[in-house]
Amino acid sequence: MNLTIDQLPEHCDVLVVGAGPAGSAAATLLARGGLDVVLVDQHAFPRDKVCGDGLIPDAHRALRRLGLLDEVMGQAQPVTHAGLISPRGIRVDVPGTLAVLPRRILDEIVCRGALRAGARMFAPLRFVAPLEEGGRVVGARLAHGEAERELRCGWVVLASGAQPQALIAAGMALRQQPSGVALRGYVRNEAMRGRIDKLEVVWHRAVAPGYGWIFPCRDAVFNVGVGAFTEHDLNLRALFEAFTRIYPAARELVAGGQWLAPPKGAPLRTSLTGARFSRPGLLVSGEAAGSTYAFTGEGIGKALETGMHAAEALLQARARAQDDAAVRADYEARLEALAPRFTLYERANWVNRHPWLADLVLWRGTRSERVRRRMSGVLDESSNPGQLLTAKGFYRLFTE
Ligand SMILES: Cc1cc2nc3c(=O)[nH]c(=O)nc-3n(C[C@H](O)[C@H](O)[C@H](O)COP(=O)(O)OP(=O)(O)OC[C@H]3O[C@@H](n4cnc5c(N)ncnc54)[C@H](O)[C@@H]3O)c2cc1C
């Protein structure tokens, strides 16, 4: 699937930088729309990506739109509930259409979908800098080791994830620092097979301002990690150790298990902040545009969605013979339409900073079917998490 720098053409319609969910989703729709698409990634595929590997309902919907849901679910561990656990050990199991699939497999499936649609993938190949003419991006300099080539194109879709280097090189970074950091490892533990079968998310003073998780993969393998959204420096490994100390299931999992991959950290960019969304000739998509949710750190679904928005904005402009300004206005409006949801997740991030709120909300969840239904609505995006943290939300919390 990985073509080499020597095979790179001199021109294409759209260059997509980054073959994660955002880039591959964009490349798929663009290629299906009849455009000549070059997809590049600095890593040869399949490649690993530090992630919790949890697929929440928005990811299921996006994968269905791409025609990939059956293939993904053929390899994923299906999960029926998120298990939310408060500092005092209050637990609410919230139903939802969920799954876990390591990113090495998921991203290869989505990338292969783009190739089946007609995109060409070149990797390892690194985006170095845009080519510019009269202030417009007209291509990119791409490198592998010492070798460097220029590729000219109509548009660049920058879907380079949470690492800021490509954003900075493209002149699109409004801030270099990530919004948060998280760390995860894979543990195999036969004794825990079937005992942890939900997406377990745990809040506790010892892991504030973050949370811990255990997500079950197939074959008695578990993705276990901690994450936090804060500007302050954090010792994630200390948080991880605290998590495996205070949460009995995490303690047992790690003590009796075998590390398949030791804990490894990565940045997150959230809340549609930290980057400009477009400039003439270039659209920024996925986590590079901050498309991951604060509070939960879920971002696969929204990365897929924003990648598809970038593709649709380009295809629509082509069909209507519109200019750069129209493409940018359309794309930015699509992202702005998602903004209120991100704002509410940002507000819900209070729970991470003040874990006693989780005690309160989950205690109510144990007592009210309607509160549990609203939590389920947060997962499937029919209700907003931030509403739980407004004056009205608090009122409803205690009256429903
Ligand atoms: C520890 C952790 C746990 C998480 N858990 C979850 C979870 O359970 N569920 C969930 O939905 N989300 C989770 N997320 C968030 C999720 O990982 C991101 O939202 C998602 O990966 C964003 O997809 P993307 O396509 O925008 O970027 P990425 O998946 O990061 O893909 C970007 C691609 O661009 C390539 N690239 C970067 N720079 C260049 C360059 N200069 N040239 C060429 N290629 C380049 C990279 O190699 C990479 O392949 C988690 C994140 C972390 C860090």
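Residues numbered from 1 in each chain as written. Predicted model: local features only at pLDDT ≥ 70, side-chain atom pairs only at ≥ 80, totals over all residues. Heavy atoms only, no water.

Undergrad: Before we go on, may I ask you to explain the pattern of salt bridges in this structure?
TA: When their charged atoms lie close together, side chains carrying opposite charge are able to pair. Scanning the entire structure with this criterion turns up 26 salt bridges. Here Glu71 and Arg116 are joined by a salt bridge, their closest N and O atoms 3.3 Å apart. Note that Glu71 is positioned in helix H3 (residues 69-73) and Arg116 in helix H4 (residues 103-117), a separation of 45 residues in sequence. Given the relative accessible area of 33%, Glu71 is considered partly exposed. By relative accessible area, which is 56% here, Arg116 ends up exposed. (Salt bridge = Lys/Arg side-chain N within 4 Å of Asp/Glu carboxyl O. Helix = DSSP H or I, 4+ residues; strand = E, 2+ residues; numbered from the N terminus. Buried < 20%, exposed > 50% of the residue type's maximum accessible area, 1.4 Å probe, protein only.)

Undergrad: Where do I start with the environment of Ala25 in this structure?
TA: Structurally, the position occupied by Ala25 is in helix H1 (residues 21-32). When its relative accessible area of 0% is taken as the criterion, Ala25 is described as buried. When the C-alpha positions of Ala25 and Leu68 are compared, they lie 10 Å apart, and in sequence the two are 43 residues distant. Discounting chain neighbours no more than four positions away, the residues touching Ala25 are Leu66, Val110, Leu304 and Met308. (Contact = heavy atoms within 4.5 Å.)

Undergrad: Before we go on, may I ask you to explain the sheet that holds strand S11 (residues 199-202) in this structure?
TA: Strand-to-strand pairing in sheets goes through backbone hydrogen bonds, with the strands running parallel or antiparallel. Overall, mixed pairing links the eight strands, which are arranged S3-S5-S4-S11-S12-S13-S10-S14 in an open sheet. Looking at strand neighbours, the two that pair on one side only are strand S3 (54-55) and strand S14 (258-268), the edges of this open sheet. Where strand S10 (residues 180-188) lies against S14, eight bridges are found, and the strand directions are antiparallel. Residue Leu183 lies in a different strand from S14, and its bridge partner there is Gly265. Sheet strands in contact with helix H2 (residues 57-65) are S3 and strand S5 (91-100), and its direction is about 20 degrees off that of S5. (Pairing = 2+ DSSP bridges. Axes fitted to C-alpha atoms, helices over the stretch in contact; angles between N-to-C directions.)

Undergrad: Help me understand the site of the ligand, please; the structure alone is not making it clear to me.
TA: In the vicinity of the ligand lie 38 residues, with Asp41, Gly52, Glu287, Thr292 and Glu298 positioned nearest. Asp41 is positioned such that a nitrogen or oxygen atom in its side chain is 2.6 Å from an oxygen atom of the ligand. Among the elements of the structure, H1, strand S7 (126-133), S10, strand S12 (210-216), S14 and helix H8 (300-319) are those that each provide at least two residues to the shell around the ligand. A total of three residues in the shell around the ligand trace back to one element, the largest contributor, which is S14. For the shell around the ligand, the class distribution of residues is 18 nonpolar, 12 polar and eight charged. Both of domain 1 (5-49 + 105-177 + 270-348) and domain 2 (79-99 + 178-268) provide at least three residues apiece to the shell around the ligand. (Near = heavy atom within 4 Å. Polar contact = N/O pair within 3.5 Å; in protein donor to acceptor, adjacent residues only side chain to side chain. Nonpolar A, V, L, I, M, F, W, Y, C, P; charged D, E, K, R; others polar. Domains from an automatic or database assignment.)

Undergrad: Sorry if this is basic, but what is going on with H2 here?
TA: Along an α-helix, residues three or four apart share an orientation, since each turn contains 3.6 residues. Listed in full, the buried residues belonging to H2 are Pro57, Asp58, Ala59, His60, Ala62 and Leu63. In the segment just after H2, Gly67 is the residue with positive phi, at about 80 degrees.

Undergrad: What exactly am I supposed to notice about the packing of aromatic side chains here?
TA: The description of an aromatic ring pair rests on the distance of the ring centres and on the angle between the ring planes. Here the structure, examined in full by the defined rule, presents nine aromatic pairs. An angle of 40 degrees between the planes, with centres 6.1 Å apart, marks the rings of Tyr211 and Trp213 as tilted. These aromatic residues form a ring-pair network of at least three members: Trp203, Tyr293, Phe295, Phe342 and Tyr345. A cation sits over an aromatic face here: Arg136 above Trp155, 5.1 Å from the ring centre. (Phe/Tyr/Trp six-rings, centres within 6.5 Å; stacked < 30°, edge-to-face > 60°. Lys NZ or Arg CZ within 6 Å of the ring centre and 35° of its normal.)

Undergrad: Would you mind showing me how to read the pairing of strand S8 (residues 136-144) here?
TA: Consecutive residues of a regular strand have side chains that alternate between opposite faces of the sheet. Pairing analysis gives seven bridges linking S7 to S8, with the strands arranged antiparallel. The partner of Ala129 across the bridge, within S8, is Arg141. Once S7 ends, the chain turns through two residues before running back antiparallel as S8, passing Gly134 with a positive phi of about 55 degrees. Bridge analysis of S8 against strand S9 (residues 147-158) gives six bridges, and the strand direction is antiparallel. Bridge assignment links Arg141 to a residue of S9, and that residue is Glu150. Counting the residues between successive antiparallel strands, the hairpin from S8 to S9 contains two residues, one of them, Gly145, with a positive phi of roughly 60 degrees.

Undergrad: Before we go on, may I ask you to explain the nonpolar core in this structure?
TA: Counting residues in each nonpolar core, the largest one holds 113 residues, and the members touching the most others are Leu15, Leu55, Leu63 and Leu142. Leu183, Ile196, Val202 and Val226 belong to the second largest nonpolar core, which has 20 residues in total. (Core = buried A, V, L, I, M, F, W, Y, C linked by side-chain atoms within 4.5 Å.)

Undergrad: For this particular structure, what's the right way to read the side chain of His60?
TA: Looking at the element boundaries, His60 is found in helix H2. A polar contact of 3.3 Å, which involves the side chain of His60, links it to the backbone oxygen of Leu55. Once residues lying within four places of it in the same chain are set aside, the contact partners of His60 are Leu55, Leu69, Met73, Thr97, Leu98 and Ala99.

Undergrad: Help me understand the domain arrangement of the protein chain, please; the structure alone is not making it clear to me.
TA: Put simply, an interface is often sized by how much accessible area is lost when its parts join up. Each assigned domain of the protein chain is listed here: domain 1 (5-49 + 105-177 + 270-348), domain 2 (79-99 + 178-268) and domain 3 (351-399). Computed over C-alpha atoms only, the centres of domain 1 and domain 3 are separated by 35 Å.

Undergrad: Even after reading the chapter, I still don't get the side chain of Ser291, so can you show me in this structure?
TA: With respect to the helices and strands, the residue Ser291 is situated in the loop between strand S16 (282-284) and H8. In this structure the side chain of Ser291 is engaged in a polar contact, spanning 3.1 Å, whose partner is the backbone oxygen of Gly286. A distance of 3.2 Å separates a polar atom in the side chain of Ser291 from the backbone nitrogen of Glu287. If near-sequence neighbours (up to four positions away) are discounted, Ser291 is found in contact with Arg269, Leu272, Gly286, Gly299, Lys302, Ala303, Thr306 and Phe342.

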